[in-house]
Amino acid sequence: MNIVADPIDRLLLDNWQRGFPMTSEPFAVLADALSIPQEDVLHRLKRMQRSGRITRVGATLAPNTISASTLAAVAAPSDQVEDVAAIIGSEKGVNHSYEREDHWNLWFVVTGPDRAYVDAAISRIEKKTGLRVMDLRLMRPFNVDLGFRLDGGNAPGLPPITRQADPSVIVDGDRDLLQILTKGLPIIAHPYAMVASQLGRTEDDIQMRIATLHQAGIISRLGVIVRHRALGWRSNAMVVWDLSPERITAAGPLLAEQPGVTLCYERTPVEGLWPYRLYSMIHARSRLEALKHLANAASLPELRGVPHKALFSTRCFKQTGAMIIAKPEVAA
């Protein structure tokens with residue numbers, strides 16, 4: 001079933017998940033490409049944001065460059081899943097939280113300005129829930145740029161392998177700018193001018209820094225950030241593979257290129273609890289389609305016979321942009 005029936009909406013979502021213009025009136029560029037008025041583009045994007053089809057027009061960032069993050073999981077008792085998820089979601093640094101089909105059933109991403117913040121957030125979650133948190137730190141990204149077309153193909157220009165980011169380009173003021181971009185640009189005629197006004201800077205300076213950070217790989221993607229479930233990709237599985245680091249070197253890039261695989265990376269295992277090192281996300285429109293993608297990936301010579309399991313998502317509890325700057329708590 002085609003969840004987005006309007007052809008212009010589909011073009012907005014398909015063609016502008018990356019490569020968002022860095023001009024004074026970027027939405028006018030989208031309007032010209034679609035041969036519609038700029039006000040129509042603004043209206044459509046605002047409507048899709050209100051309906052939950054997109055989260056924002058903004059940036060996704062290379063992990064652990066401008067800030068820190070980790071993937072984590074707990075094994076919540078079946079009758080306490082919602083209560084535990086609420087505790088996890090109350091942590092401001094948690095930007096993604098899902099229930100998955102596994103003994104380790106609640107999975108979440110913790111972000112923060114540095115590793116100390118992430119560690120403290122994990123410690124608070126353990127204390128409040130009484131549950132052990134598995135901390136699965138990123139080792140090597142092969143594709144962490146979640147962008148795809150509504151027909152199931154790759155988004156325009158999607159790189160199968162994540163490029164190496166260069167944090168040396170980061171200067172004072174970049175964190176404030178990137179925090180705004182991860183929350184989303186204002187959907188107005190002159191968004192960069194408004195961001196510049198918020199930061200007390202010039203529009204030219206803002207655009208120059210965004211271009212520099214994008215070229216350096218700190219910004220991995222600038223454009224429309226979609227909610228895949230709302231667009232029909234409702235059968236999603238995190239597939240974990242028990243593979244040695246040496247074999248991951250060859251298998252990781254190949255797995256990242258497989259149809260249906262939208263994310264791929266290596267993470268640290270947890271001795272005695274979780275042996276898996278290689279992770280891949282499959283986004284599909286049905287469970288059968290997801291399993292077909294998995295079967296194709298598992299037939300690769302580099303993955304044939306490798307122990308693995310698919311953890312299908314059942315519920316999404318939280319999905320927001322990453323935390324880069326931790327704001328101090330305001331006393332009541």
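Residues numbered from 1 in each chain as written. Predicted model: local features only at pLDDT ≥ 70, side-chain atom pairs only at ≥ 80, totals over all residues. Heavy atoms only, no water.

Trainee: Would you mind going over the sheet that holds strand β4 (residues 106–112) in detail, with residue names and values included?
Mentor: Reading across the sheet, the 9 strands line up as β5-β2-β4-β3-β11-β8-β10-β9-β6 and stay open at both edges, with antiparallel pairing between neighbours. For this open sheet the edge positions go to β5 (134–136) and β6 (138–143), each flanked by a neighbour on one side alone. Between one strand axis and the next, the sheet turns through 30 degrees on average, direction left out of account. Examined bridge by bridge, strand β9 (residues 261–267) and strand β10 (residues 278–284) share 5 bridges and lie antiparallel to one another. Along β10, the bridge assignment pairs Glu266 with Leu278. (Pairing = 2+ DSSP bridges. Helix = DSSP H or I, 4+ residues; strand = E, 2+ residues; numbered from the N terminus. Axes fitted to C-alpha atoms, helices over the stretch in contact; angles between N-to-C directions.)

Trainee: Which residues make up the packing of helix α7 (residues 191–199) against helix α8 (residues 203–215), and what values do they have?
Mentor: For the pair α7 and α8, the least separation of the axes is 8 Å and the interaxial angle reads 105 degrees. The angle between α7 and α8 falls in the class roughly perpendicular. Each of Tyr192, Ala193, Val195, Ala196 and Leu199 in α7 lies in contact with α8, whose residues at this interface are Glu203, Ile206, Gln207 and Ile210. Looking at the contact of α7 with α8 residue by residue, the class counts come to 7 nonpolar, 1 polar and 1 charged. (Parallel < 35°, antiparallel > 145°, perpendicular 65-115°, else oblique. Contact = heavy atoms within 4.5 Å. Nonpolar A, V, L, I, M, F, W, Y, C, P; charged D, E, K, R; others polar.)

Trainee: Go over the packing of aromatic side chains, please, and point to the residues and values.
Mentor: Across all of its chains, the model carries 4 aromatic pairs by this definition. For the ring pair Tyr265 and Tyr279, a centre distance of 5.8 Å and an interplane angle of 25 degrees mean the geometry is stacked. Taken together, the residues span a long stretch of sequence, with Tyr265 in strand β9 and Tyr279 in strand β10 at a distance of 14 residues. By relative accessible area, which is 8% here, Tyr265 ends up buried. One aromatic cluster is present, built from ring pairs that chain together Trp107, Trp274 and Tyr276. Positioned over the ring face of Tyr117 is Arg124, at 5.9 Å from the centre of the ring. Above the face of the Phe312 ring, Arg287 is positioned so that its terminal group lies 3.9 Å from the ring centre. (Phe/Tyr/Trp six-rings, centres within 6.5 Å; stacked < 30°, edge-to-face > 60°. Buried < 20%, exposed > 50% of the residue type's maximum accessible area, 1.4 Å probe, protein only. Lys NZ or Arg CZ within 6 Å of the ring centre and 35° of its normal.)

Trainee: I'd like to hear about unusual backbone geometry, residue by residue, with values.
Mentor: Positive phi values are uncommon outside glycine, yet Ser35 reaches one of about 60 degrees. The class for Ser35 is exposed, based on a relative accessible area of 69%.

Trainee: Got a sec to walk through the side chain of Gln17? Specific residues and values, please.
Mentor: Position of Gln17 among the secondary structure elements: in the loop between α1 (7–15) and α2 (26–34). At 2.9 Å, the side chain of Gln17 forms a polar contact with the backbone oxygen of Leu13. (Polar contact = N/O pair within 3.5 Å; in protein donor to acceptor, adjacent residues only side chain to side chain.)

Trainee: Give a detailed account of the nonpolar core, specifying residues and quantitative values.
Mentor: Phe27, Val41, Leu45, Leu178 and Ile219 are the most contacted members of the largest nonpolar core, which totals 40 residues. If you list the elements that add at least two residues to this core, you get α1, α2, α3 (38–50), β1 (54–61), α6 (174–183), α7, α8 and β7 (219–226). Discounting residues that sit within four places of it in the chain, Leu178 has contacts with Leu61, Ile66, Leu213, Ile218, Ile219 and Ile324. Listed in part, the 22 residues of the second largest apolar core include Val261, Cys264, Leu278 and Leu300. (Core = buried A, V, L, I, M, F, W, Y, C linked by side-chain atoms within 4.5 Å.)

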